[in-house]
Amino acid sequence: MNDSQLLKQFTFWRYRTIQALEATTEEQADRLPEGFTNTVRWNLGHILVTAEFALSRFTEIQNNLPVSYTTLFKAGTRPDEWTETPPLLSEIKHHLLEQNTRMNELDGKLNDPLQSEFSIGSYLKLETIGELLLFLMNHENLHLGTISGIKRAQGMKELWKKETV
């Protein structure tokens, strides 16, 4: 797989994330169905923050998010513990789109080594920017699946267009 193919796949899944966001009202974004620990808004913000952290730590892409996003959306956080107002969906969407544009600047660099070591335990060690993007794409899809589950638990049947329940 060449760089442009991988980046096209990433962009495809990022736009599916954007579609899920656009099909969510502000109220639905914060409704927490039984059995879930995080909301649609949290999952969208977490996708964004995780990718931004990884890109700024392991590639030359600079972190472009407000500091408060990390406080709200990093792993281990939960909306019921927030002490500040989270960003609107439109703000999250802006950053997701902007991040994707910056990510596409990595075209031709996916075989380059990461700037520092990335490993998760003894079972995952990433060495190239392309491997990092594959990891981020899988992470995004995991949370996109969670978003779909939350929306279904809220009673929504159409996951990709706005409906009120």
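These notes cover the structure that comes with them. Source: prediction; values computed, not measured.

Each value, and the rule that gives it
- Residues numbered from 1 in each chain as written.
- Predicted model: local features only at pLDDT ≥ 70, side-chain atom pairs only at ≥ 80, totals over all residues.
- Heavy atoms only, no water.
- Pairing = 2+ DSSP bridges.
- Helix = DSSP H or I, 4+ residues; strand = E, 2+ residues; numbered from the N terminus.
- Expected span 1.5 Å × (residues − 1).
- Buried < 20%, exposed > 50% of the residue type's maximum accessible area, 1.4 Å probe, protein only.
- Arc of directions from axis to C-beta.
- Contact = heavy atoms within 4.5 Å.
- Axes fitted to C-alpha atoms, helices over the stretch in contact; angles between N-to-C directions.
- Parallel < 35°, antiparallel > 145°, perpendicular 65-115°, else oblique.
- Core = buried A, V, L, I, M, F, W, Y, C linked by side-chain atoms within 4.5 Å.
- Phe/Tyr/Trp six-rings, centres within 6.5 Å; stacked < 30°, edge-to-face > 60°.
- Salt bridge = Lys/Arg side-chain N within 4 Å of Asp/Glu carboxyl O.

Quick look at the pairing of strand β1 (residues 113–120)
A regular strand places its side chains on the two faces of the sheet in alternate fashion.
Phase 1 of the analysis: Relative to strand β2 (residues 124–128), β1 is paired through four bridges, and the arrangement is antiparallel. Each bridged residue has a counterpart across the sheet, and for P113 the counterpart in β2 is T128.
Phase 2 of the analysis: From the end of β1 to the start of β2, which pair antiparallel, there are three residues, and G121 there has a positive phi angle of about 60°.

Observations concerning helix α5 (residues 89–103)
Phase 1 of the analysis: Counted at 1.5 Å a residue, the expected span for α5 with its 15 residues is 21 Å, and the 21 Å between its end C-alpha atoms agrees.
Phase 2 of the analysis: Every buried residue of α5 is accounted for by L89, I92, H95, L96, Q99, N100, R102 and M103. Looking straight down α5, one finds its buried side chains confined to an arc of 160°; they lie on one side.
Phase 3 of the analysis: For α5, the secondary structure elements touched by its buried residues are α1 (3–22), α2 (26–30), α3 (40–58), α4 (67–73) and α6 (129–153).

A word on the packing of α3 against α6
Phase 1 of the analysis: With their axes 9 Å apart at the nearest point, α3 and α6 run at an angle of 175° to one another. The orientation of α3 with respect to α6, classified from their angle, is roughly antiparallel. Between α3, through V40, W42, N43, L44, H46, I47, T50, A51, A54, L55 and F58, and α6, the contact on the second element is made entirely by L132, L133, L136, H139, E140, H143, L144, T146, I147, I150 and K151.

Structural notes on the nonpolar core
Phase 1 of the analysis: L44, F73, I92 and L96 are the most contacted members of the largest nonpolar core, which has 21 residues in total.
Phase 2 of the analysis: In terms of residue count, α3 provides more of this core than any other element does, six residues in total.
Phase 3 of the analysis: Not counting residues within four places of it along the chain, the set of residues in contact with L96 comprises R14, T17, I18, L21, L44, I47 and L48.
Phase 4 of the analysis: Core analysis: the next-biggest nonpolar cluster, separate from the first, contains 19 residues, A51, L110, F118 and M137 among them.

Quick word on the packing of aromatic side chains
Phase 1 of the analysis: One pass over the structure, following the stated rule, counts five aromatic pairs.
Phase 2 of the analysis: On the numbers, 4.9 Å between centres and 80° between planes, the contact of F12 with W13 is edge-to-face.
Phase 3 of the analysis: Residue class for W13 comes out partly exposed when judged on its relative accessible area of 28%.
Phase 4 of the analysis: An angle of 75° between the planes, with centres 5.9 Å apart, marks the rings of Y69 and F73 as edge-to-face. One end of the pair, Y69, and the other, F73, are both in helix α4, four residues apart, so they sit about a helical turn from each other. For the residue pair Y69 and F73, the accessibility class agrees, reading buried in each case.
Phase 5 of the analysis: Among the aromatic side chains, those forming a connected cluster through ring pairs are F58, F118 and F135.

Topic: the side chain of N100
Phase 1 of the analysis: Note on placement: N100 falls in helix α5.
Phase 2 of the analysis: Those residues within four positions of N100 in sequence are excluded, and the remaining contacts are F10, T11, R14 and Y15.

As for the pattern of salt bridges
Phase 1 of the analysis: Evaluated as defined, the whole model comprises nine salt bridges.
Phase 2 of the analysis: Across the pair E22 and K93 runs a salt bridge whose closest N-O atoms are separated by 2.5 Å. With E22 in helix α1 and K93 in helix α5, this residue pair connects regions lying 71 residues apart in the sequence.
Phase 3 of the analysis: Classification of K93 as partly exposed rests on a relative accessible area of 25%.
Phase 4 of the analysis: With a closest N to O distance of 2.8 Å, E60 and K109 form a salt bridge. With E60 in the loop between α3 and α4 and K109 in the loop between α5 and β1, this pair connects stretches of sequence that are 49 residues apart.
Phase 5 of the analysis: Classification of E60 as partly exposed rests on a relative accessible area of 38%.

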